Amino acid sequence: MAAIPEKLARLLAMFSGMEDRSERIQLLIDIADRFKRVLVPERIASRPYPKDKLVPGCESQAYVWAEELPDRTLKFYFAVENPQGISAMATSVIFDETLSGAPPEQILQVPKDAIYTIFGNELSMGKSMGLMGILAMVQNYARQQIARTGDPAAGPS
Amino acid sequence: MTDIKERGYARPEVLVSTDWVAQHLSDPNVRIIESNEDPLLYPARHIAGAVEVDWTKDLNDQLRRDYLGKSGFETLMSRIGCTRDTTVVFYGDKNNWWACYAFWVFHLFGHTAAKVMDGGSLKWEKEGRPMTKEVPKYPASKYVAPERDDSRIRAYRNHVLSHVEGKKPLVDVRSPEEYAGTRLHMPDYPNEGALRGGHIPGAASIPWGRAINPDDHTFKTAEELRAIYEKEKGLKKDDDVVVYCRIGERSSHTWFVLTYLLGYPKVRNYDGSWTEWGNLVGVPIEK
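Keep in mind the model is a prediction, meaning the values are calculated, not measured.

Reading the values: the criteria
Every chain is numbered independently, its residues counted from 1 as its sequence is written. Note on labels: chains are lettered from A, ligands numbered from 1, in written order. Only residues with pLDDT of at least 70 are given local features in this predicted model, and only at 80 or more are side-chain atom pairs given and counted; all residues enter the totals for whole chains, interfaces and linings. Excluding hydrogens and water, the side-chain values take into account all heavy atoms of the structure. Under the DSSP-based scheme used, a helix requires at least four consecutive residues in state H or I and a strand at least two consecutive residues in state E, with every element numbered from the N terminus. Given the number of residues in a helix, its expected span is that number minus one, multiplied by 1.5 Å. Relative accessibility thresholds used throughout: buried, under 20% of the residue-type maximum; exposed, over 50%; partly exposed, between the two (1.4 Å probe, protein chains only). Domain ranges listed in this record stem from an automatic or a database domain assignment. Pairs of residues are marked as contacts when any of their non-hydrogen atoms sit within 4.5 Å. Computed with a 1.4 Å rolling probe, the buried area is the accessible surface lost when two parts are put together, summed over both parts. Within this document, salt bridges are pairs made up of a side-chain nitrogen of Lys or Arg and a carboxyl oxygen of Asp or Glu, the two lying within 4 Å of each other. Each pair of strands is called paired provided DSSP finds at least two bridges between the two strands. Inter-axis angles, ranging from 0 to 180 degrees, are taken between N-to-C directions of lines fitted to C-alpha atoms, where helices are fitted over the stretch in contact. Among the buried residues, those of types Ala, Val, Leu, Ile, Met, Phe, Trp, Tyr and Cys that are joined through side-chain atoms within 4.5 Å form a nonpolar core. Throughout this description, any angle smaller than 35 degrees is read as roughly parallel, any larger than 145 degrees as roughly antiparallel, any in the 65 to 115 degree range as roughly perpendicular, and the remainder as oblique. A clockwise turn of the near helix away from the far one marks a right-handed crossing, whereas an anticlockwise turn of less than a right angle marks a left-handed crossing. The classification used treats Ala, Val, Leu, Ile, Met, Phe, Trp, Tyr, Cys and Pro as nonpolar, Asp, Glu, Lys and Arg as charged, and all other residues, Gly among them, as polar.

Draft legend 1. Quick peek at helix α9 (residues 250-261) of chain B. Residue and element names in this part refer to chain B. Along its 12 residues, α9 runs 16 Å from first to last C-alpha, staying within 8% of the 16 Å computed at 1.5 Å per residue. With 12 of 12 residues buried, α9 lies mostly within the body of the structure. When α9 is considered as a whole, its buried residues turn out to be Arg250, Ser251, Ser252, His253, Thr254, Trp255, Phe256, Val257, Leu258, Thr259, Tyr260 and Leu261. Once α9 finishes, glycine 263 follows within two positions and takes phi at roughly 75°, a positive value.

Draft legend 2. Quick look at the domain arrangement of chain B. All names here are of chain B. You can read the domains of chain B as domain 1 (4-126) and domain 2 (157-277). Of the residues lining the interface, 26 residues belong to domain 1; the matching set on domain 2 comes to 30 residues. A combined buried area of about 2,400 Å² lies between domain 1 and domain 2, and 66% of that area is made up of carbon and sulfur atoms. The interface formed by domain 1 and domain 2 includes zero salt bridges.

Draft legend 3. Expanded view of the sheet that holds strand β1 (residues 15-16) of chain B. All names here are of chain B. Taken together, five strands build an open sheet; the order of strands is β1-β5-β4-β2-β3 and the sheet is parallel. A strand with exactly one partner marks an edge of an open sheet, and here the two such strands are β1 and β3 (51-52). Along the sheet, helix α4 (residues 97-108) contacts β2 (30-34), β4 (87-91) and β5 (114-117); its crossing angle with β4, the most-contacted strand, is approximately 150°.

Draft legend 4. Region of interest: the nonpolar core. Ranked by size, the top nonpolar core spans 60 residues in total, and within it Tyr229 and Phe256 of chain B carry the most contacts. Elements represented by at least two residues in this core include exactly α3 (70-79), β4, α4, β5, α8 (222-232), β8 (240-244) and α9 of chain B. Looking at this core element by element, the count peaks at 11 residues for α4 of chain B. Residue contributions to this core reach at least three from each of two domains, namely domain 1 (4-126) and domain 2 (157-277) of chain B. Tyrosine 229 of chain B has contacts with Ile206, Ala211, Gly234, Leu235, Thr254, Val257, Leu258 and Leu262 of chain B, leaving out every residue within four places of it along the chain. One finds Leu12, Met89 and Phe119 of chain A together with Leu40 of chain B within the second-largest nonpolar core, a separate group that totals 48 residues.

Draft legend 5. Geometry of the packing of α8 of chain B against α9 of chain B. Residue and element names in this part refer to chain B. Across the interface, α8 lies against α9 with an axial gap of 11 Å and an inter-helix angle of 120°. Taken together, the axes of α8 and α9 are oblique relative to one another. As α8 runs across α9, the sense of the crossing is left-handed. Of the residues in α9, those in contact with Ala222, Leu225 and Tyr229 of α8 are Thr254, Val257, Leu258 and Leu261. Of the residues in the contact of α8 with α9, the class split is six nonpolar, one polar and no charged.

Draft legend 6. The pairing of strand β1 (residues 62-68) of chain A, seen in detail. Residue and element names in this part refer to chain A. As paired strands, β1 and strand β2 (residues 74-80) are joined by seven bridges and run antiparallel to one another. Its bridge partner being in β2, valine 64 is matched across the sheet by phenylalanine 78. Connecting the antiparallel pair β1 and β2 is a turn made up of five residues, with arginine 72 showing a positive phi of about 70°.

Draft legend 7. Up close: the pattern of salt bridges. Residues and elements named next belong to chain B. Per the counting criterion, the structure on display carries 33 salt bridges over all chains. With a closest N to O distance of 2.5 Å, arginine 11 and glutamate 13 form a salt bridge. Measuring nitrogen to oxygen at the nearest pair gives 3.1 Å for the salt bridge that ties aspartate 58 to arginine 79. Of this pair, aspartate 58 sits in the loop between β3 and α3 while arginine 79 sits in helix α3; the two residues are 21 residues apart in sequence, bridging distant segments of the chain.

In structure tokens, the structure reads:
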């Protein structure tokens, strides 16, 4: 079984050791400040964004796209239409920085509770649904990519 | 949206506009309080001079499922520099859902000099009004609170059971999927789960967000609200009403609407809500 992508594993290890709530919040705000880097470019999509890219259950109106790279990995792009969707922006940045370019098989191994490791267990239900929805959407793209290009772990058929 | 005073509310003084808040930022008798679902929002940016009241660490007892007690409330009010005479003005994310929750908890301690900023922080932000990261510091105040009074606006499970047996009106403000029991909670969700899906018998489904204009996040007019709660769902002003959701925060928004905007004299918020009722031994549910 594939492990989760190494960059994400390192990030999760850092968050799981973080006990100071203010430190966690400030770090997530700093991460969200990099959101423009992961914003979907015009060549991929422009407003109004298609409904099939909208994350179900995300009240911040987050959208996710995936672009195939030459090495068959995926580059993820995001949009967050609610200007107050800071947590969704932070999540988008984290997933771009740790999952873009990672083997799709590894992306599928990311557990849902990674969201709690990152944001802490105080997440409200509504917020966790939205953030887990972003992860689910990223994993759906990875699943589709494996179906399209084959799973190298399965070996030759 | 029309001026607040022209919307026909029973108690229009509890709702203030973003303009009003902008004009009172330096008013020593007013404390602006931000209360959000998302703990990242206040540290990222807020109205200048506003303090934060955090629903998880400021309003709840950390060891039992309950709100803070008298001494905890006194400590909170002292920290944010409020006296019994300070008018507190709440605003926040999610169309003021958490702001109304804080407003409700403050009322448990009789701090009724309280208002809500119509449209919440999103309206303020969309209007391009200034925001800051600077956290204000106010001199600690001396605040003496009364004992928390749960008798008037808070309902416990035994009250709700009597309510059900008496066939009195209940309002379930959760989503239609939660009401129907088709959505219980997120897989692996650690905080707000329930064993059973459905609703309290006899409850009417009126999702809390229906009270809000989706375009500018303000409250609908009294006439529009009556069309929903009374003409469509059959509530009457003199009804003894219990509202609930999952943990009592969304329903505090509806409690605010019924009590202050429509002037219902007896509305109680069942904060045990579905996380208690859906797990409670020996009580009936409906799907």
